[in-house]
Amino acid sequence: MDLDLDPATLGFQAEVRSWLAAHVPSELPSLDTADGFEAHRAWERTLFDERLSVVSWPAEYGGRDASLLQWLVFEEEYYAAGAPARVSQNGIFLLAPTLFAHGTPEQCARLLPAMASAEEVWAQAWSEPEAGSDLAAIRASAAKTDGGWLLSGQKTWSSRAAFADRGFGLFRTSGERHRGLTYFMFSLRAPGVTVRPIAQLDGEPGFAEIFLDDVFVPDEDVIGAVDNGWQVAMSTASNERGLSLRSPGRFLATAGRLVRLWQALPDPALRDRVVDAWIGAQAYRLYTFGTVARLAEGGSLGAESSVNKLFWSELDIAMHETALELLGGEGEADGPWLDGYVFSLAGPIYAGTNEIQRNVVAERILGLPR
Amino acid sequence: MKFALSPEQAQFADTLDALLAKSDVARAWAAGDHEPGLAVWRHLADLGVTSVAQDGEPVDLVVAMEAVGFHALPGPAIETLAVLPGHTDGALLATVAIPPHVPYAVDAHVAERVFVLRNGVLFTGTPGQRISSVDPCRALFEVTPATEVGPLDGAFDRGVLACSAQLLGAGRALLARSVDYVKQRTQFGKPIGSFQAVKHQLASVHVGLELARPVVYGAALNAVPVSAAKIAAGDAAYRAARTALQVHGAIGYTVENDLSLWLSKVRALHTAWGTGSVHRARVMATLTRPAGPH
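Residues numbered from 1 in each chain as written. Chains lettered and ligands numbered in written order. Predicted model: local features only at pLDDT ≥ 70, side-chain atom pairs only at ≥ 80, totals over all residues.

Comments concerning the overall build of chain B
Consideration 1: Looking only at helices and strands, chain B has 11 helices and 7 strands in total.
Consideration 2: For 294 residues, the compact-globule estimate of 2.2 N^0.38 gives 19 Å, and the C-alpha radius of gyration of chain B, at 19 Å, lies within 12% of that figure.
Consideration 3: Taken along its principal axes, the extent of the C-alpha atoms in chain B is 65 × 50 × 35 Å.
Consideration 4: Long-range pairs, those at least 24 residues apart, make up 65% of the contacts in chain B with a sequence separation of at least 6. (Helix = DSSP H or I, 4+ residues; strand = E, 2+ residues; numbered from the N terminus. Rg over C-alpha atoms; globule rule 2.2 N^0.38 Å. Contact = placed C-beta atoms within 7 Å.)

Okay, here's the thing in structure tokens:
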């Protein structure tokens, strides 16, 4: 048992660290504004040109074939450097794993490079007004037509949809519940698509409603088999809850900033909460290294991704709450800690609510009866 | 990097697990009949388990102490395996007090060697008055120093690491027993484990233990301070204990039910070897040292 980085990973770490130190921009406007979205898209292009936007992908799609460990190291360096939020995260962390697992070579070649360069930014389109935690209640449908499908219905809480180029989600092609759903990709600019941005708690349109009215999608934009979308989506859902959506690097960076904030404003009554936040970030880091070792031995992520999601989402809120307490009367004033706090509040809700995750842990890991 | 037990360490854990699973000696120990427990300790020594824990890498010690915690093995394990290697002189069990955080020597009436560690200097000790612990398997003794033995570095930190691992093992045992119980206990015509109020609590216990474990092993590799391990494992195990008692209901609140063996152990170890407050102060001191985080 060891935690030592191999020479190649150490070299990669040094390269990433020095490149980020020279290139990370000063703070960009929020990616949930029109200007901010384009500024973040431009930053993704800069990363892509250095082949740093998707380090773990194959080189043919713009990556470096980096190992999972190297990807974690990249993430630690990325957040430690205070680099911008990833506007393309829905595509690169949620859709791409599905394409790698279920996409055709043609789909991968056509879609992945543009995703890696952020020439095309993707929005997720899972939820519907009547299908939230109960995702299998999806009603938006797809009807077969010549050379493709006509999508109709309503999607909601679609992250990035206000400004993104394309969307992906499940639509009903037959049957009921989990059966008869199909995984589609579609253009948010296609005729018949109406996007209505929704202001989030911070006032910015981080998500949107999508109305689809006989939107044509060609056959080549179906992922996996028709009527098999639930299996396709779930086989990579653990990516969203688990490793990739929120890597430890983000929380290590936040914990480091919290310790420095406490040093500047050393309230003895808050010391223990600061320490617990720091330990929590270290715990998540070490836990993830354990996961990497397990995956290297042929294990799979599966239901254990719910453990990750519960932990990081609650840790994130606790860290930001502590920071606002340390700031005292300044806690309500605009600033990065307040922004981070508002963002953190969504964590226990998106990617499957924490109530659903606790059910998953209890039933699939502990074996309790349904 | 491979943050997982080596095949040898995994085999060591399995061997220990199989051996201790067969032992059921805690109740006798609590009642003052130490012979069955001492027989287990002799068996561990004969198989070489004791020496691996004492003289191997810190990870080996953690593996051993996690098993001790999981199976509620009585006896001064932290003291013998973690703190006093090199000072047991062939004795099966040894014990030590390290004031202020370890004011009493556990089981000084059973251990063949008794010590006191003061300001980094080890003394042989003379046991005094016996004091009852919340854990009937832990008899506490005041000790007065007798003869100076010499300096002993790092003893408290090794004890803290071992205590963390023992707490982790005990917490895992509490969760396992609780899961078994809520699957078979029926109310309102259903196993109580089918109710979300029960499921969610046990899921939270699982998350706490899963995230505490890498901190304990990370501390064994010097990736984090041992104090972080004590906090993480102590809090996760204590949550496991409180939840275990709650989901067992009244039967858990009886001395007859074996749950009490782990409930009382976790309560005792949660404040033994430095409270959460003591260890949080230590962690913050590390983080705010002028040289920066460790």
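Additional details are given in the paragraphs that follow.
Some remarks on the interface of chain A and chain B
Consideration 1: Taken together, the contact pairs 35 residues of chain A with 40 residues of chain B.
Consideration 2: The dominant element in the side of chain A that touches chain B, judged by the number of residues it contributes, is helix H9 (residues 271-296) of chain A, at 14 residues.
Consideration 3: Of the residues belonging to the side of chain A that touches chain B, the class tally is 23 nonpolar, 5 polar and 7 charged. (Nonpolar A, V, L, I, M, F, W, Y, C, P; charged D, E, K, R; others polar.)

Focus: the nonpolar core
Consideration 1: Counting 140 residues, the largest nonpolar core has B:Leu161, B:Val215 and B:Val216 as its most contacted members.
Consideration 2: If near-sequence neighbours (up to four positions away) are discounted, B:Val215 is found in contact with A:Ile279, A:Gln282, A:Ala283, A:Leu286, B:Val224, B:Ala228, B:Ala229 and B:Ala232.
Consideration 3: Core analysis: the next-biggest nonpolar cluster, separate from the first, contains 69 residues, A:Phe48, A:Ala142, A:Phe171 and A:Val222 among them. (Core = buried A, V, L, I, M, F, W, Y, C linked by C-beta atoms within 7 Å. Buried ≥ 20, exposed ≤ 12 C-beta atoms within 10 Å, placed from the backbone.)

Overview of the UniProt feature "domain: Acyl-CoA oxidase/dehydrogenase middle" (unreviewed entry) in chain A
Consideration 1: Residues annotated in UniProt with the feature "domain: Acyl-CoA oxidase/dehydrogenase middle" (unreviewed entry) correspond here to residues 123-215 of chain A.
Consideration 2: Secondary structure within residues 123-215 of chain A divides into 0% helix and 52% strand; the distance between the first and last C-alpha atoms comes to 16 Å. (UniProt positions renumbered as here; feature names shortened; annotations may be inferred.)

Focus on the domain arrangement of chain A
Consideration 1: Per the domain assignment, the segments of chain A are domain 1 (7-87), domain 2 (122-227) and domain 3 (237-365).
Consideration 2: Each of domain 2 of chain A and domain 3 of chain A has a C-alpha centre, and these two points are 29 Å apart. (Domains from an automatic or database assignment.)

Overview of the sheet that holds strand S2 (residues 105-106) of chain B
Residue and element names in this part refer to chain B.
Consideration 1: Reading across from one edge, S1-S3-S4-S5-S2 is the order of the 5 strands in this open sheet, with mixed pairing throughout. Only two strands of the sheet have a single partner each, and these edge strands are strand S1 (94-97) and S2.
Consideration 2: Relative to strand S5 (residues 140-151), strand S4 (residues 121-131) runs antiparallel, the two sharing 8 bridges. Bridge assignment links Thr 126 to a residue of S5, and that residue is Thr 144. (Pairing = 2+ DSSP bridges.)

Let's talk about unusual backbone geometry
Consideration 1: Of the consecutive residues B:Pro99 and B:Pro100, the connecting peptide bond is found in the cis state with omega at 10°.
Consideration 2: Summarising the element assignment, B:Pro100 is placed in the loop between S1 and S2.
Consideration 3: Non-glycine residue A:Asp214 carries a positive phi angle of around 50°.
Consideration 4: Among the secondary structure elements, A:Asp214 is positioned in strand S7 (residues 207-218).

Looking at the environment of B:Val121
Residue and element names in this part refer to chain B.
Consideration 1: Its location among the elements puts Val 121 in strand S4.
Consideration 2: On a C-alpha basis, the gap between Val 121 and Leu 5 in space is 34 Å, while along the polypeptide they are 116 residues apart.
Consideration 3: Not counting the four nearest positions on each side in its chain, Val 121 is found in contact with Glu 148 and Pro 151.

Focus on helix H11 (residues 336-345) of chain A
Residues and elements named next belong to chain A.
Consideration 1: All of the buried residues along H11 are Trp 337, Tyr 341 and Ser 344. The arc enclosing the buried residues of H11, seen along the axis, measures out at 65°, which places them on a common side.
Consideration 2: Residues of H11 that are buried sit in contact with helix H10 (304-327). (Arc of directions from axis to C-beta.)

Some details on helix H8 (residues 196-220) of chain B
Each α-helix turn comprises 3.6 residues. Residues three or four places apart therefore point the same way.
All names here are of chain B.
Consideration 1: Over its 25 residues, H8 runs 36 Å from end to end, which matches the ideal 36 Å to within 8%, given 1.5 Å per residue.
Consideration 2: For H8, a buried count of 22 out of 25 residues is recorded, marking the element as mostly surrounded by other parts of the structure.
Consideration 3: Positive phi shows up at Asn 222, right after H8, with a value of about 65°. (Expected span 1.5 Å × (residues − 1).)

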